[in-house]
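Topology and contacts: notes
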Amino acid sequence: MKIQLRFFASVREKLGLSEETVTLPDEVTTVGGVRAYLQSRGGLWADVLADDRALRMAFAHVMCDAETPISEGGEVAFFPPVTGG
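A few points on the structure. Source: prediction; values computed, not measured.

Sheet strands associate in pairs through backbone hydrogen bonding, adopting either a parallel or an antiparallel arrangement. Taken in spatial order, the five strands make up an open sheet running S2-S1-S5-S3-S4, and their pairing is mixed. If you trace the sheet from one side to the other, it starts and ends with strand S2 (19-23) and strand S4 (62-64), each paired once. Taking each pair of neighbouring strands and ignoring which way they run, the sheet shows an average axis angle of 30°. Of the pairings in the sheet, the one linking strand S3 (residues 56-59) to S4 comprises three bridges and is antiparallel in character. Note that in S4 the partner of Phe59 across the bridge is Val62. Relative to the sheet, helix H2 (residues 31-39) contacts strand S1 (2-7), S2, S3, S4 and strand S5 (75-79), its axis offset from that of S5 by approximately 65°.

Have a look at this one:
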């Protein structure tokens, strides 16, 4: 399955990348699976997307959790939680 990845704010700055198109292995079927797949790249990817880091995720421009299913041609986005005030 081919999807579009987008990275925002400090995630983008740390990875040095704002977007990427990837072809995922068949076993990756959820947003959490995408995160784990990217972590498996190791190094900076494992650190920036680590499970203990607070990250927001979206699929098809809708906020979601790790269990959200993904589909061909979809877009998964990762960004830090936002505070305001």
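Take the pattern of salt bridges next. Taken as a whole and assessed by the stated rule, the structure comprises four salt bridges. For Arg6, the salt bridge identified is with Glu75, shortest N-O distance 3.9 Å. With Arg6 in strand S1 and Glu75 in strand S5, the pair connects residues that are 69 residues apart, well separated along the chain. Glu20 is the partner of Arg41 in a salt bridge, and the nearest nitrogen-oxygen pair spans 2.8 Å. Placement of Arg41 in the loop between H2 and helix H3 (43-48) and of Glu20 in strand S2 is noted, with a sequence separation of 21 residues between them. Residues joined by salt bridges that share partners form a network here, namely Arg6, Glu19 and Glu75.

About the thresholds
Residues numbered from 1 in each chain as written. Predicted model: local features only at pLDDT ≥ 70, side-chain atom pairs only at ≥ 80, totals over all residues. Heavy atoms only, no water. Pairing = 2+ DSSP bridges. Helix = DSSP H or I, 4+ residues; strand = E, 2+ residues; numbered from the N terminus. Axes fitted to C-alpha atoms, helices over the stretch in contact; angles between N-to-C directions. Contact = heavy atoms within 4.5 Å. Salt bridge = Lys/Arg side-chain N within 4 Å of Asp/Glu carboxyl O.

Purely spatial values, then, with no claim about function.
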